[in-house]
Amino acid sequence: MTSAVGTSRDPRSRGDGLGWVTRAVFGDERVTLTVGAAPPAGHRVAARYAVVPSVSRARFLLPLGAPRATAAALLAYNALRPPRVRAVRAALGGLSRVGAAGPAFPTLTVSVPGGVTPAELLLAERLGETLAAGPLHAGCGVRPPDPNHKPTLALFTGDGRPRGYAKIGWNGATRALVTAEAAALRELAELTGVPDHPATPRLLAQVEWAGQVVAVVEPLPPRVRAVPLTEPPQIAALLAVARRGRPASPPRPLAGSSFLDRLTAEAARAGAADASGRRAVAAVAALARRHGGTALEFGHWHGDWVPWNLGRHAGELVAWDWEHSAPDVPLGFDLAHDAFQRALVLRGEPAAAAAGAVDTRLARYGDQLGLDPARRQAVADAYLVEMWLRTFRLADAGAGWNAALHPALLDVIEKRHNV
């Protein structure tokens, strides 16, 4: 960065969420960011954002200059948000329609050197050209810095029409996730007419930008609504995701499967790193000993099948965030993941309780997936090992350890396998 980044007015010098997001979105050193100040001589203004609610407590960058786009950035998909957030956004959206929201908050001014095309330096401008959408206005949520999170631009035309969501992979872990989701969406786009398969947003573009990987996904249906937390699992949809319109695959023993081979290879890589990785090697070996002879059906999984990645539109299930999707996993993994994450994230329970929730969910619904007690136990144990290895993969790629899962999940796995 140039010296401009180090000035007190440039938010990229901050160590909080605002600094993290602005470094990712406005990474080119030729771009100047100022808050409450005019751009330097020789620069011209390319965009302005309201920093909501303040620089020190920033939660949202709200695009200014087109009232309908400003309002849309606040109101789009508001039905998916918690009631308190929904109410605040609705109030601000009403003010934005008449151009009254911007003056209430600090203004972040984005400027570029005169004579330089903004599309060379600014991601939103580049994506407008890539999508042939004309000028786009980008809203962006601000979260605390997290090496596993991806800044996401919500893209709108000047008249407020949503044009897509751009996920930014900015480090090793998030670049891998964005790339994986783009690949999954390409594959899913080729599926047509699969009964009960959830609707899935299309991939609109994938671009390399300033060392980052950016995937642009089409907007969700405008009237999509959240799936109620009390709704039972969508078994038909889970089967459709796993089988992709094909007949059920004949069960095969866990031993000798490509899935177990992958776990073994990933555990070996973890084992070369530290002592916890060596514990994972022992856990995979114990999984093979305990369940190697159990015959399982293998197929695809969404990889993050949780209520906040699901919705309904016109009576149809919609699923998004496919960045952990993969083939050749035991049937039932998405059902297990839903139970595990509800306990861990929604109820704030520890890893041991979340593992117990997996057992409970599989005992209640596993027979609808063709899982007898032995298969249910094998799926649960294999899923928990998969989750710890996912935690390792993210940490190894620079995302840091998930404190809720490491080392607690290893402890749970060892207790289940008597390692």
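None of these values were measured; they are calculated from a predicted model.

S.K.: Would you take a moment to explain the nonpolar core for this structure?
M.R.: The tendency in soluble globular proteins is for nonpolar side chains to be buried as a group. Judged by nonpolar contacts, the single largest core of 68 residues is most densely connected at Phe340, Tyr383, Trp388 and Leu409. Dropping the residues within four chain positions of it, tryptophan 388 is found in contact with Ala270, Ser276, Gly277, Ala280, Trp401, Leu405, His406, Leu409, Leu410 and Ile413. Core analysis: the next-biggest nonpolar cluster, separate from the first, contains 36 residues, Val21, Ala138, Leu155 and Ala205 among them.

S.K.: Please clarify how the sheet that holds strand E4 (residues 107–113) should be interpreted in this entry.
M.R.: Ordered by their spatial adjacency, nine strands build an open sheet running E1-E4-E2-E3-E5-E6-E7-E9-E8, and the pairing between neighbours is antiparallel. Each edge of the open sheet carries a strand with a single partner, namely strand E1 (32–35) and strand E8 (203–209). The average undirected angle you get between the axes of adjacent strands in this sheet is 25 degrees. As paired elements, E1 and E4 share four bridges and run antiparallel to each other.

S.K.: Help me understand helix H11 (residues 351–365), please; the structure alone is not making it clear to me.
M.R.: What sets the pattern is the α-helix's 3.6 residues per turn: residues three or four places apart point alike. Look at H11: 21 Å from first C-alpha to last across 15 residues, which is about the 21 Å you get at 1.5 Å a residue. Its buried side turned inward, H11 meets helix H7 (235–243), helix H10 (333–346), helix H12 (373–399) and helix H13 (408–417).

S.K.: Got a minute to help me understand unusual backbone geometry in this structure?
M.R.: One can expect most non-glycine residues to show negative phi and most peptide bonds to be in trans. Each neighbour pair has its own omega, and for valine 52 with proline 53 the value is -5 degrees, a cis peptide bond. The topology assignment puts proline 53 in the loop between strand E2 (43–52) and strand E3 (60–63). With an omega of 5 degrees, the peptide bond between histidine 406 and proline 407 qualifies as cis. Mapped onto the secondary structure, proline 407 falls in the loop between H12 and H13. One non-glycine residue, arginine 244, lies in the positive phi region at around 55 degrees. For arginine 244, a relative accessible area of 9% translates into the label buried. Its identity is not glycine, yet aspartate 328 carries a phi of approximately 60 degrees, on the positive side. Along the chain, aspartate 328 turns up in strand E16 (residues 326–330).

S.K.: What is the right way to read the packing of helix H9 (residues 275–291) against H13 from this model?
M.R.: The N-to-C vectors of H9 and H13 enclose an angle of 35 degrees; their axes lie 10 Å apart at closest approach. Viewed along their axes, H9 and H13 form a crossing whose handedness is left-handed. Seen from H9, the contacting residues are Ser276, Arg279, Ala280, Ala283, Ala286, Leu287, Arg290 and His291; seen from H13, they are Leu410, Asp411, Ile413, Glu414, Arg416 and His417.

S.K.: How do you make sense of the pairing of strand E15 (residues 316–319) when you look at a structure like this?
M.R.: Along any regular strand the residues' side chains alternate between the sheet's two faces. Summarising the sheet, strand E14 (residues 310–313) and E15 pair through four bridges and their orientation is antiparallel. Looking across to E15, one finds that arginine 312 is bridged to leucine 317. Where E14 folds back on E15, the antiparallel hairpin that results is connected by two residues, among which alanine 314 adopts a positive phi of roughly 55 degrees.

S.K.: Where do I start with the sheet that holds strand E10 (residues 225–226) in this structure?
M.R.: Note on sheets: strands pair through backbone hydrogen bonds, and any given pair is parallel or antiparallel. Strand order in the open sheet made by the three strands is E10-E14-E15, with antiparallel pairing throughout. Each of the sheet's edge strands pairs with one partner strand only, and the pair in question is E10 and E15.

S.K.: How should I be thinking about the packing of H9 against H12 in this particular structure?
M.R.: A pair of packed helices is characterised by two quantities: the angle between their axes and the separation of those axes. Contact geometry for H9 and H12: axes closest at 11 Å, N-to-C directions at 160 degrees. Between H9 and H12, the crossing angle belongs to the class labelled roughly antiparallel. The crossing of H9 and H12 is left-handed. Of the residues in H12, those in contact with Ser276, Gly277, Ala280, Val284, Leu287, Arg290 and His291 of H9 are Gln377, Ala378, Asp381, Ala382, Val385, Trp388 and Leu389. Across the contact of H9 with H12, the residue classes tally to eight nonpolar, four polar and two charged.

S.K.: Is there a simple way to explain the environment of aspartate 359 in this structure?
M.R.: Counting through the fold element by element, aspartate 359 comes out in helix H11. Residues aspartate 359 and alanine 336, 23 residues apart in the sequence, show an inter-C-alpha distance of 7.9 Å. Contacts of aspartate 359, omitting those with residues within four sequence positions, involve Gln377, Ala380 and Arg416. Separated by 2.9 Å, the side chains of aspartate 359 and arginine 416 make a polar contact.

S.K.: Is there a simple way to think about a nonpolar patch on the surface in this case?
M.R.: A surface patch of nonpolar side chains, amounting to about 370 Å² of accessible area, comprises Leu229, Trp308, Val345 and Leu346. Following the sequence through the fold, valine 345 ends up in helix H10.

S.K.: In this structure, what is going on with the packing of aromatic side chains? I would like to understand it.
M.R.: A ring pair, where both rings are aromatic, is described by two values, the distance of the centres and the angle of the planes. Following the criterion strictly, the structure yields eleven aromatic pairs and no others. Arranged with centres 6.5 Å apart and planes meeting at 85 degrees, the rings of tryptophan 301 and tyrosine 383 form a pair that is edge-to-face. Residue tryptophan 301 is found in strand E13 (residues 298–301), and its partner tyrosine 383 is found in helix H12; the two are separated by 82 residues along the sequence. There is no split in this pair, since tryptophan 301 and tyrosine 383 are both buried. Ring geometry for phenylalanine 333 against tyrosine 383: centres 5.7 Å apart, planes inclined by 80 degrees, an arrangement best described as edge-to-face. In this pair, phenylalanine 333 sits in helix H10 while tyrosine 383 sits in helix H12, placing the two residues 50 residues apart along the sequence. Both residues of the pair, phenylalanine 333 and tyrosine 383, count as buried. Through a chain of ring-to-ring contacts, the aromatic side chains of Phe259, Phe298, Trp301, Phe333, Phe340 and Tyr383 assemble into a single cluster.

Conventions used here
Residues numbered from 1 in each chain as written. Predicted model: local features only at pLDDT ≥ 70, side-chain atom pairs only at ≥ 80, totals over all residues. Heavy atoms only, no water. Core = buried A, V, L, I, M, F, W, Y, C linked by side-chain atoms within 4.5 Å. Buried < 20%, exposed > 50% of the residue type's maximum accessible area, 1.4 Å probe, protein only. Contact = heavy atoms within 4.5 Å. Pairing = 2+ DSSP bridges. Helix = DSSP H or I, 4+ residues; strand = E, 2+ residues; numbered from the N terminus. Axes fitted to C-alpha atoms, helices over the stretch in contact; angles between N-to-C directions. Expected span 1.5 Å × (residues − 1). Left-handed = near helix turned anticlockwise from the far one by under 90°. Parallel < 35°, antiparallel > 145°, perpendicular 65-115°, else oblique. Nonpolar A, V, L, I, M, F, W, Y, C, P; charged D, E, K, R; others polar. Polar contact = N/O pair within 3.5 Å; in protein donor to acceptor, adjacent residues only side chain to side chain. Patch = residues over 30% accessible without salt bridge, like charges linked within 9 Å, V, L, I, M, F, W, Y side chains within 5 Å. Areas by Shrake-Rupley, 256 points an atom, 1.4 Å probe, with all protein chains shown as cover. Salt bridge = Lys/Arg side-chain N within 4 Å of Asp/Glu carboxyl O. Phe/Tyr/Trp six-rings, centres within 6.5 Å; stacked < 30°, edge-to-face > 60°.

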